[in-house]
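# Tertiary structure, described
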Amino acid sequence: MLNNRRCYLVTGGAGFIGSNYIHYMFRKYGNQIHIINVDVLTYAGNLENLKDLEKWDNYTFIRADITDKEAISRIFSEYDIDRVVHFAAESHVDRSITNPEVFVRTNVLGTAVMLNCARDAWELPDGSYRENKKFLHVSTDEVYGSLPDDGESFFRETTPYQPHSPYSASKAGSDMLVKAYMDTYHFPANITNTSNNYGPYQFPEKLIPLLINNALQGKDLPVYGDGRNIRDWLYVDDHAKGIDMVQEQGRLFETYNIGGHNEKRNIEIVHIVIETLLELLPEDDPRRKNVSTDLIRYVGDRKGHDRRYAIAPDKIKAEIGWEPETTFAEGIKKTIRWYLEHQDWLKGVTSGGYQKYYDSMYGNR
Ligand code: NAD
Ligand code: TYD
């Protein structure tokens, strides 16, 4: 607690889900919480996502690498952390296929460092923990592998892990470490495994923002393989709400799957993005002429491409009362509207210009 405010250490808060989560938490709790955002700012971390918070005395940004033990333990000794919400990760499957090592380093070693530092700060000499301290590890449904294309089978908390990509293997490793800490040290944690997120602030190398960005510029819309792979899309604010509900209302030591109940084939997503762009762009907007199904290009498939992901979010609904609130029709409109209204953000991200932002904002601090 800091000035009677519950103190959060959020890792990876400058990324897509982390920055949406931080905004969600301040909308919900305002002055009652203090958030310390710890992020090393890789290509995926963008402080512009949070620039409206910079002057707040209950928001603190610390640039640090989660694999750096000294830096992380210093944060735990400087602040009395009540909650850890651990997002920081290398998160893009395609990048993991070309460069797996950094995924192991950040996702596995980084999680081990976070767990160790939290345990050091929270554990009492008798092996119990200081009151009301909790760690939430944010993970993915990709650890469960791939489902048959039957529309009937679903990932559940009891589904055995069968990761295929280096990304999902490294996330599975990080989940196992959290489970090991809970089993070995009775460490107070939860794990959430979540389906594909979409919404504002997503880096445009992931499917939905890539389609929006390319279509507006009249660039090809690359569809891997036959385009019939299925993902279960969840609006990012619904995910943020689910994380908070699990941490405050869930049973400690439990895993909860958070899913969108919203399965779509990739090619359906491509068509929906094109239709929604045409619906939202004003008649006289010159970019309208770029947006067309003629841009669709089937390209070679991703290596080891998982066919279908789908979560049955029954446990979180029954125990905590969470369920997805945003329909895809609503969420995709909000998302596309956000990208249309934040073209500077998109330009900054695609040009790498955002990386200069840190120096201008924080360079001389
Ligand atoms: P992201 O790539 O947008 O953000 C990751 C953030 O972590 C970035 O700000 C980056 O700078 C930071 N980071 C990376 N390495 C770091 C390090 N060594 N030290 C400190 N910070 C570091 O990712 P995202 O899409 O926001 O995903 C966040 C979390 O949610 C990840 O753990 C991911 O596995 C999980 N997840 C994502 C999805 C999804 O659809 N995006 C779905 C389920 C679970
Ligand atoms: P992605 O957004 O990378 O998320 P994930 O691999 O974690 O599910 O990809 C979502 C789906 O879209 C996946 O089946 C791969 C496919 N895809 C394409 O068809 N074209 C693309 O350019 C990208 C980035 C992804």
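These lines cover the structure that appears in this document, whether it is placed above or below. (Residues numbered from 1 in each chain as written. Chains lettered and ligands numbered in written order. Predicted model: local features only at pLDDT ≥ 70, side-chain atom pairs only at ≥ 80, totals over all residues. Heavy atoms only, no water.)

## Considering the state of the cysteines
A full pass over the atoms with the stated rule returns zero disulfides. Lacking any disulfide linkage, Cys7 is separated from the closest cysteine sulfur, that of Cys117, by 15 Å. For Cys7, a relative accessible area of 0% corresponds to the buried category. (Disulfide = S-S within 2.5 Å. Buried < 20%, exposed > 50% of the residue type's maximum accessible area, 1.4 Å probe, protein only.)

## A look at helix H1 (residues 16–29)
Each turn of an α-helix holds 3.6 residues, which means side chains three or four residues apart point in the same direction. Between its first and last C-alpha, H1 extends 20 Å over 14 residues, near the 20 Å set by a 1.5 Å rise per residue. Taken across its 14 residues, H1 has twelve buried, putting it largely inside the fold. Of all the positions in H1, only Phe16, Ile17, Gly18, Ser19, Asn20, Tyr21, Ile22, His23, Tyr24, Met25, Phe26 and Tyr29 are classed as buried. Among the structural elements, strand S1 (6–11), strand S2 (33–39), strand S3 (59–63), strand S4 (83–86), strand S7 (197–198) and helix H7 (236–249) are those in contact with the buried residues of H1. At the exit of H1 stands Gly30, carrying a positive phi of roughly 50 degrees. (Helix = DSSP H or I, 4+ residues; strand = E, 2+ residues; numbered from the N terminus. Expected span 1.5 Å × (residues − 1). Contact = heavy atoms within 4.5 Å.)

## A few points about the side chain of Asp175
In this structure, Asp175 sits in helix H5 (residues 166–185). When residues no more than four places from it in sequence are discounted, the contact partners of Asp175 are His137, Ser139, Val143, Tyr161, Ile191 and Asn193.

## Side note on the pattern of salt bridges
Following the criterion strictly, the structure yields 27 salt bridges and no others. Linking Asp150 and Arg308 is a salt bridge whose minimum nitrogen-to-oxygen distance equals 3.1 Å. Placement of the pair is Asp150 in the loop between strand S5 (134–140) and H5 and Arg308 in the loop between strand S13 (296–299) and helix H9 (314–320), with a sequence separation of 158 residues. A relative accessible area of 36% places Asp150 in the partly exposed class. Note on Arg308: relative accessible area 0%, which makes it buried. One salt bridge connects Lys315 with Glu254, and the closest N-O pair in it is separated by 2.6 Å. (Salt bridge = Lys/Arg side-chain N within 4 Å of Asp/Glu carboxyl O.)

## Things to note about unusual backbone geometry
Here the phi dihedral of Leu41 falls at roughly 65 degrees; this positive angle occurs in a residue that is not glycine. Look at Leu41 and you get buried, because its relative accessible area is 14%. At His261, a position not held by glycine, the phi torsion is positive, near 50 degrees. Relative to the helices and strands, His261 is located in the loop between strand S11 (255–258) and strand S12 (263–265).

## A few points about empty space enclosed by the protein
Space left empty within the atom packing is revealed by a probe, the size of a water molecule, rolled over the atoms. The final tally for this structure, using the stated rule, is two cavities of 30 Å³ or more. Looking at the largest cavity, the residues that line it are Ala14, Gly15, Phe16, Ala44, Asn46, Asn49, Tyr201, Phe203, Trp345 and Val349. Looking at the lining of the largest cavity, its residues break down into seven nonpolar, three polar and no charged. One number sums up the size of the second largest cavity: a volume of about 30 Å³. Taken together, Tyr198, Trp233, Leu234, Tyr235, Gly260, Asn262, Pro324, Thr326, Thr327 and Phe328 form the lining of the second largest cavity. Along the lines of polarity and charge, the residues of the lining of the second largest cavity split into six nonpolar, four polar and no charged. (1 Å grid on protein atoms, 1.4 Å probe; cavity = no way out; pocket = protein on both sides within 12 Å on 5 of 7 lines; lining within 4 Å. Points joined across faces, edges and corners; volume = space filled by probe spheres on them. Nonpolar A, V, L, I, M, F, W, Y, C, P; charged D, E, K, R; others polar.)

## So, the packing of aromatic side chains
Counted under the stated rule, the structure contains 21 aromatic pairs. Seen in terms of ring centroids, Tyr21 and Phe87 are 5.2 Å apart; in terms of plane orientation they differ by 55 degrees. Their pairing is tilted. Placement of Tyr21 in helix H1 and of Phe87 in the loop between S4 and helix H3 (93–98) is noted, with a sequence separation of 66 residues between them. Here Tyr21 matches Phe87 in class, with each residue buried. Joined through ring pairs, the aromatic side chains of Phe76, Trp122, Tyr129, Phe135, Tyr181, Tyr185 and Phe187 make up one cluster. The ring of Phe154 is capped by Arg308, whose NZ or CZ atom sits 5.5 Å from the centre of that ring. Taking NZ or CZ as reference, Lys315 lies 4.8 Å from the ring centre of Tyr256, over its face. (Phe/Tyr/Trp six-rings, centres within 6.5 Å; stacked < 30°, edge-to-face > 60°. Lys NZ or Arg CZ within 6 Å of the ring centre and 35° of its normal.)

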